[in-house]
Amino acid sequence: MSADFIEKQLIKKAKNGDENSFESLILSCQGRAFNIALRYLRNEEDALDALQESFIKIYRNLNTFKEDSKFDTWVYRIVVNTCNDMIRKNNRRKNTDSIYRNDGEKETVLEIPDVSDAPEEVYDKKEKQDHILSCLEKLNPGQKEIIILRDIQGFTYEEISEILECSIGTVKSKINRSRLKLRETLLEQN
Amino acid sequence: MKCNKIRKMLSLYIDKMLDDNLQKEVEEHISACNLCKKRYDDIKDMTTLLNEAEMVPVPESFEFRMKKALQQERAKISGEKNIAVPAKKNNKLRMLTSIAAIFAVGVISFGLYQDIIGDLPDQLDGVTDQLSQDRALTDQPESDLYKSNKNEGDKEIENLENSAGVADDVPEQRMNIYGNTKSAEPEKPESGIAHIPEDDISDSGIDEGNDGYSEDYSIKMKMSTDEFSRALTTSGVERNVAAVQYYTGIIEERLGDFKYEILNADFIQAGECRFRIYIFSGKGYKFKEEILAVGKDGEIEFIYTNELMGL
């Protein structure tokens, strides 16, 4: 039985009011959705709020999902839109619970355990990632968004075009411009 | 291929989104161009590092939080559904209540107005004082007189007539001024007043004169004070009630020596009020004469009157 078939069955049941099916559906994309929100909002509490709000929207509007696209792509689109709404409504940033911590002028990424590399390499890698992520915040929202979706979350061009509801050509040019801009920013910071 | 063109295709090259030929062309350029090679390396490292950024796990507490939120949402949706049905009923109920309220206000207003109008002529014309006098002069119980004063229609007139009839020396002309034949002794027929048969009333010159009226608020004959005022009110001429009362007071003063009856009151235009009046004489209050009283600027002018009436 294919994953697509199982997903369709779950969607069908969820549309008919089956709560367990709905919870199974959102559980399958919850982790990625949370990390998208976390990169957008840079705050765990805000990210969880965005995630909850998104899932409630999905629950309410499940019957409008036409199954033209994949369910998780539809979910991520809603998460992205919810995050953008939250950013527009509220630009405040709670630094206390942030995955980033202000250390003077410098922002550092919260420690994430990683045992795959040697400690020195881990530190070096984390430092570099931290630097890139702090530079990412200096890009405009559209550029930051496309880097999150493509380079952090690893969505394909097609998936991004569905999530952002734009053409593949737009995605291609946006990705290239955003990366070049991020590189420029990194060089300026160095 | 120029560096500028390669620059635009770098990301697509890194993501292997180019055609094989272009992919190969960019590869060759990068291997030959240090500037483009540096740019490519930077972007490649950058994207690799970002892609290797650790995924943050969703806090375990979120599962409970989400279940609770969904539970609340379900309750909210079912609540909305439950509310949605009676909401329509409420609208109907609200509409019915509104109609009932409007009706109740109308009835109460009419009742209050009726009470006010019922008392007004008495207050204006000093009948209250006379009734007090009547009460003192007659043996009738006070309650009867009081009742008669508040009763409507003929009952009121009868009581008033009775009280007036007993008290001979009380001026009776103020008792019933709106189209009610006085009960006192019939006035002596004035000599020279021509008798006009009742059949000829419709052909009188006064009727012809009424043809040009723009508004006709004709009031039926033999109305009580209340009925007269009410008729005007329900005809939408509340504003004219005060004028009618004022002018009928003057008519009463002028025709106090005659037995008369106001047939109707017509409003031609603002400020002008015409009264058709029958003058009676002889036993059985036989119709004698029809006159027209025109009230304007606070004055009453009688027309179509016999000169001998001295009006």
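Conventions and cut-offs
- Chains are numbered independently. Their residues run from 1 in the order of the written sequence.
- Numbering of ligands from 1 and lettering of chains from A proceed in the order in which they are written.
- Reporting of local features is limited, given that this is a predicted model, to residues whose pLDDT is at least 70; pairs of side-chain atoms are given and counted only at 80 or more, and all residues count toward the totals for whole chains, interfaces and linings.
- Here the side-chain values reflect all heavy atoms present in the structure, with hydrogen atoms and water set aside.
- Helix numbering and strand numbering both begin at the N terminus, where a helix is a DSSP run of H or I of at least 4 residues and a strand a DSSP run of E of at least 2.
- The criterion used for residue contact is that any of the two residues' heavy atoms lie within 4.5 Å.
- Each accessible area value is a Shrake-Rupley result obtained with a 1.4 Å probe; residue values ignore everything except the protein chains displayed when judging cover.
- We define buried area as the total accessible area lost by two parts upon association, computed with a 1.4 Å probe and summed across both.
- By definition, a salt bridge exists where a carboxyl oxygen of Asp or Glu is found within 4 Å of a side-chain nitrogen of Lys or Arg.
- Think of a polar contact as two N or O atoms within 3.5 Å of one another; within protein, one of them needs to be a possible hydrogen donor and the other a possible acceptor, and neighboring residues in sequence only count if both atoms come from side chains.
- Classification of ring pairs uses Phe, Tyr and Trp, with its six-membered ring standing for Trp, and accepts pairs whose centres are within 6.5 Å; under 30 degrees between planes counts as stacked, over 60 as edge-to-face, and the remaining range as tilted.
- Nonpolar cores are built from buried Ala, Val, Leu, Ile, Met, Phe, Trp, Tyr and Cys residues. Side-chain atoms within 4.5 Å join them into one set.
- Burial here depends on accessible area, computed with a 1.4 Å probe over protein chains only, as a share of the maximum for the residue type. Under 20% is buried, over 50% is exposed, and the range in between is partly exposed.
- Grouping into patches uses exposed residues only, defined as over 30% relative accessible area, and leaves out salt-bridged ones; the cut-off is 9 Å for like charges and 5 Å for nonpolar side chains (Val, Leu, Ile, Met, Phe, Trp, Tyr).
- The quantity called pLDDT is the predictor's confidence in a given residue, expressed from 0 to 100.
- Axes here refer to lines fitted to C-alpha atoms; in helices the fit is confined to the stretch in contact. Angles between the N-to-C directions go from 0 to 180 degrees.
- Handedness of a crossing follows from how the near helix is turned relative to the far one, being left-handed for an anticlockwise turn of less than a right angle and right-handed for a clockwise one.
- For this classification, Asp, Glu, Lys and Arg are treated as charged, while Ala, Val, Leu, Ile, Met, Phe, Trp, Tyr, Cys and Pro are nonpolar and the rest, including Gly, are polar.
- By definition here, a helix of n residues has an expected span of 1.5 Å times n minus one.
- Here the arc refers to the set of directions running from the helix axis out to each C-beta atom.

Novice: Could you clarify how one ought to interpret the overall build of chain A in this entry?
Specialist: Along chain A, the regular secondary structure elements total eight helices and two strands. Counting from the amino terminus, helix and strand elements in chain A follow one another as α-α-α-α-β-β-α-α-α-α. The contacts of chain A with a sequence gap of at least 6 include a subset with a gap of at least 24, amounting to 61%. Entry remark: accessible area of chain A is about 9,900 Å², with carbon and sulfur atoms responsible for 46%.

Novice: Just to check I follow, could you spell out the interface of chain A and chain B for this structure?
Specialist: Interfaces are often sized by the accessible area lost when the parts come together. Listed by partner, the interface residues are 46 residues for chain A and 37 residues for chain B. A buried area of about 3,900 Å², summed over both sides, lies between chain A and chain B, and 61% of it is on carbon and sulfur atoms. A per-residue breakdown of the area chain A buries against chain B is headed by Arg60, Arg179 and Arg183 of chain A, which together make up 16% of the total. Linking chain A with chain B are 11 salt bridges, by the criterion used here. Here Lys67 of chain B makes a salt bridge to Glu23 of chain A, at a shortest N to O gap of 2.8 Å. Taken together, the links from chain A to chain B amount to 20 residue pairs in polar contact (both at pLDDT 80 or more).

Novice: Could you clarify how one ought to interpret the packing of aromatic side chains in this entry?
Specialist: Geometrically, a pair of aromatic rings is defined through the distance of the ring centres and the angle of the planes. Counting across every chain of the model gives nine aromatic pairs over all chains. Site record: aromatic cluster; members linked through ring pairs are Phe65, Phe71 and Trp74 of chain A.

Novice: How do you make sense of the nonpolar core when you look at a structure like this?
Specialist: One broad rule of soluble globular proteins: the nonpolar side chains tend to lie buried together. Counting 73 residues, the largest nonpolar core has Phe71, Leu149 and Leu182 of chain A as its most contacted members. No other element matches the 11 residues that helix H2 (residues 19-41) of chain A contributes to this core. In this structure, Leu182 of chain A is in contact with Ile132, Cys135, Leu136, Leu139 and Ile147 of chain A together with Met46 and Leu50 of chain B, ignoring residues within four places of it in sequence. Within the second largest apolar cluster, 18 residues are counted, among which are Leu255, Phe275, Ile277 and Ile279 of chain B.

Novice: What is the right way to read a nonpolar patch on the surface from this model?
Specialist: Together, Met95, Leu96 and Ile99 of chain B make up a nonpolar patch on the protein surface, roughly 340 Å² of accessible area in all. Positionally, Ile99 of chain B belongs in helix H4 (residues 61-125).

Novice: When you look at the confidence of the model for chain B in this model, what are you seeing that I'm missing?
Specialist: The predicted coordinates of low-pLDDT regions are not to be read in fine detail. All names here are of chain B. Here chain B shows a mean pLDDT of 67. Residues at 70 or above account for 50%. Here helix H8 (residues 205-210) is the element of chain B with the lowest mean pLDDT, 40, and helix H2 (residues 20-32) is the one with the highest, 95. A low-confidence stretch, residues 121-223 (pLDDT under 50), is modelled with 165 contacts involving residues beyond four sequence positions or located in other chains.

Novice: Looking at this structure, how should I read the packing of H2 of chain A against helix H6 (residues 141-152) of chain A?
Specialist: To describe two helices that pack against each other, one gives the angle between their axes and the distance between the axes. Residue and element names in this part refer to chain A. The interhelical angle for the contact between H2 and H6, taken along N-to-C directions, is 145°, at an axis separation of 10 Å. For H2 against H6, the interelement crossing comes out right-handed. In this structure, H2 uses Ile36, Arg39 and Tyr40 to contact H6, whose residues at the interface are Lys144, Glu145, Ile148, Leu149 and Ile152. For the contact of H2 with H6, a count of residues per class yields five nonpolar, no polar and three charged.

Novice: Before we go on, may I ask you to explain H2 of chain B in this structure?
Specialist: Along an α-helix, residues three or four apart share an orientation, since each turn contains 3.6 residues. Residue and element names in this part refer to chain B. For H2, spanning 13 residues, the distance from its first C-alpha to its last is 19 Å, which sits close to the expected 18 Å at 1.5 Å a residue. Listing the buried residues of H2 in full gives Gln23, Val26, His29 and Ile30. In a view along the axis of H2, the buried residues occupy a sector of 130°, so they form one face of it. Turned more than 90 degrees away from the buried face of H2, the exposed residues are Asp20, Asn21, Lys24, Ser31 and Ala32. The elements touched by buried residues of H2 are helix H1 (3-14) and helix H3 (34-51).

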